[in-house]
2 protein chains.
Amino acid sequence: MTTVSILGMGNMGPAIASIIEKGGNTAQILGSNDTDQTVTGEIVVLAVPYPAIQQVLAQRADQLAGKIIVDITNPLNFETFDSLTVPADSSAAAEIQAALPNSRVLKAFNTTFAATLASGEIAGQPTTVVIAGDDADAKSHLAAVVTAVVTAGGLRAIDAGSLRRARELEAMGFLQIALAAGEKISWTGGFAVQA
Amino acid sequence: MTTVSILGMGNMGPAIASIIEKGGNTAQILGSNDTDQTVTGEIVVLAVPYPAIQQVLAQRADQLAGKIIVDITNPLNFETFDSLTVPADSSAAAEIQAALPNSRVLKAFNTTFAATLASGEIAGQPTTVVIAGDDADAKSHLAAVVTAVVTAGGLRAIDAGSLRRARELEAMGFLQIALAAGEKISWTGGFAVQA
């Protein structure tokens, strides 16, 4: 059994926790008032909005060393909905990896709306978690652990390759949010993946 | 009835032509040997690989003035499958717009594989053509003309906003091609859109 710590009690954190628990694994959910509690999972999901990441890292960087960190953020400019706030040739995930040299950072869950995590399907397909990460060990570990956790929870997982692909995943997440905010698609819909 | 000129006889050009004709509109398809023929459509689809765009523009820039240009390219580095070949803060569509100041450039059809254009569906949803473009006139024109053409052909169209969104569409197109090339998804599958 795997323990996954989830930092964040917004709409995504609990949705991800449900998947973990649905698969018979253990979720530890910690909110912003739980700074006195240590993360216990070997996998830690950063399920806070991008602007809160810096604070979480300041509070918990030591606890995150040696762990697999899953970054789910979409670093949008939510005032304009017209750009990401990270440099065009970088990504939130790359920045987090740089800030946590002793952790192994993966990008995942940023292209799935909470509603499709909860329903487990979109467009008649299993909701698909697309993952990107650099570390070969982390990814094989992920294949054995996180993917198992995701799959046990009824979803599908696809490995998109190195952490450089986080940039494209964040672009896709941005586009999906912009389409929903612009009422071109619903927050219960979005991008599905047909394998 | 609308005439759409399609430059390119690869796998995308004929697939797009089929949609045009399925909707009762007229498609003119021109290959690289048809440089003696003038484009007749009010809409011109650049359905050549990105590296061939420069040559097409050199040959036909004058003919493209005043028309709506649809850029479908995915400017990947096909040797590494690890990056786009346009600057990170730009897009192929933005470059084409800069090269054709007297045309109105839209990005479309770069996130739909030819197979899903031909089948008209993906994941049980109508295949969705996501469009981005700057010019308000071009877009209302497009809503009245290209979207009608696409919809008449049995597909769905979504307006993703300004031409700045071409960057995210190209990132998504890149990711989709990388997943298919890496056999994570099939060339008959890919990203579907659930509205």
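Quick summary incoming for the structure in this document. Note that the coordinates shown come from a computational prediction; the quantities given were computed from them, not determined experimentally. Residues take numbers from 1 onward in each chain, read along the sequence in its written order. Chain letters and ligand numbers both follow the written order, the letters beginning at A and the numbers at 1. Note on the predicted model: pLDDT of at least 70 is required for a residue's local features to be given, and 80 or more for side-chain atom pairs to be given and counted; whole-chain, interface and lining totals, by contrast, use all residues. As a convention, hydrogens and water are excluded, and side-chain values are obtained from all of the structure's heavy atoms.

## Brief notes about the overall build of chain A
Basically, it comes down to this: Think of it this way: any DSSP run of H or I at least four residues long counts as a helix, any run of E at least two long counts as a strand, and we number them from the N terminus. We compute the radius of gyration from the C-alpha atoms alone; for a globule the expected value is 2.2 Å times N to the 0.38, where N is the number of residues. Each residue is placed in one exposure class: buried if its accessible area under a 1.4 Å probe, protein chains only, is under 20% of its type's maximum, exposed if it is over 50%, and partly exposed if it falls in between. Here, two residues are considered to be in contact whenever any of their heavy atoms come within 4.5 Å of each other. Only the protein chains shown count as cover for residues, and the accessible areas themselves come from Shrake-Rupley with a 1.4 Å probe. A positive count includes Lys and Arg, and a negative count includes Asp and Glu. His and the chain ends are not counted in either. By convention, the charge on Lys lies at NZ, on Arg at CZ, on Asp at CG and on Glu at CD.
The number of helices and strands found in chain A is 7 helices and 10 strands. Against the 2.2 N^0.38 benchmark of 16 Å for 195 residues, chain A shows a C-alpha radius of gyration of 15 Å, consistent with a compact globule. In terms of overall dimensions, chain A has C-alpha extents of about 40 × 35 × 35 Å along its principal axes. Within chain A, the proportion of its 195 residues that are buried is 57%. Sequence-distant contacts in chain A: of pairs separated by 6 or more residues, those separated by 24 or more amount to 70%. Summed over all atoms, the accessible surface of chain A reaches about 7600 Å², with 49% contributed by carbon and sulfur. The average position of the 11 basic charges and that of the 18 acidic charges among the side chains of chain A differ by 6 Å.

## What about the pairing of strand β10 (residues 190–194) of chain B?
Convention followed: The pairing criterion is simple: DSSP has to find at least two bridges between the two strands.
Summarising burial for β10 of chain B: 4 of the 5 residues are buried, a large majority. Here strand β10 (residues 190–194) of chain A runs beside β10 of chain B; their pairing, made up of 5 bridges, is antiparallel. When the bridges of β10 of chain B are listed, valine 193 of chain A appears paired with phenylalanine 191 of chain B.

## Side note on the relation of the copies chain B and chain A
What counts is decided by this rule: C-alpha atoms of residues with pLDDT of at least 70 in both copies form the basis for the least-squares superposition of the copies.
When chain B is fitted to chain A, the residual RMSD is 0.0 Å, and the transformation amounts to a turn of 180° plus an axial shift of 0.0 Å. Interpreted geometrically, this transformation is the action of a two-fold axis. A symmetric contact is evident, with 100% of the interface residues of chain B recurring at the interface of chain A.

## Some thoughts on helix α3 (residues 92–99) of chain B
An α-helix turns once every 3.6 residues. As a result, residues three or four positions apart point the same way. Residue and element names in this part refer to chain B. Convention followed: Here the arc refers to the set of directions running from the helix axis out to each C-beta atom.
Every buried residue belonging to α3 is among Ala92, Ala93 and Ile96, and all of these are buried. Mapping the buried residues of α3 onto a view down its axis gives an arc of 95°, with all of them on the same face. Residues of α3 that are buried make contact with β3 (43–46), α2 (50–64), β4 (68–71), β5 (104–107) and α7 (166–181).

## Quick word on the pattern of salt bridges
To keep things clear, this is the line we draw: Just to be clear on terms, a salt bridge is a Lys or Arg side-chain nitrogen sitting within 4 Å of an Asp or Glu carboxyl oxygen.
On inspection of all chains with the given rule, the structure shows 10 salt bridges over all chains. With a shortest N-O distance of 2.8 Å, arginine 164 of chain B and aspartate 82 of chain A are connected by a salt bridge. You can see arginine 164 of chain B sitting in the loop between β9 (156–159) and α7 and its partner aspartate 82 of chain A sitting in the loop between β4 (68–71) and α3 (92–99), one on each of two chains. A salt bridge links arginine 165 of chain B to glutamate 168 of chain B, with the shortest nitrogen-to-oxygen separation between them at 2.8 Å. Just as arginine 165 of chain B is buried, glutamate 168 of chain B falls in that class too. Via salt bridges that share partners, Asp82 of chain A together with Arg164, Arg165 and Glu168 of chain B belong to a single interconnected network.

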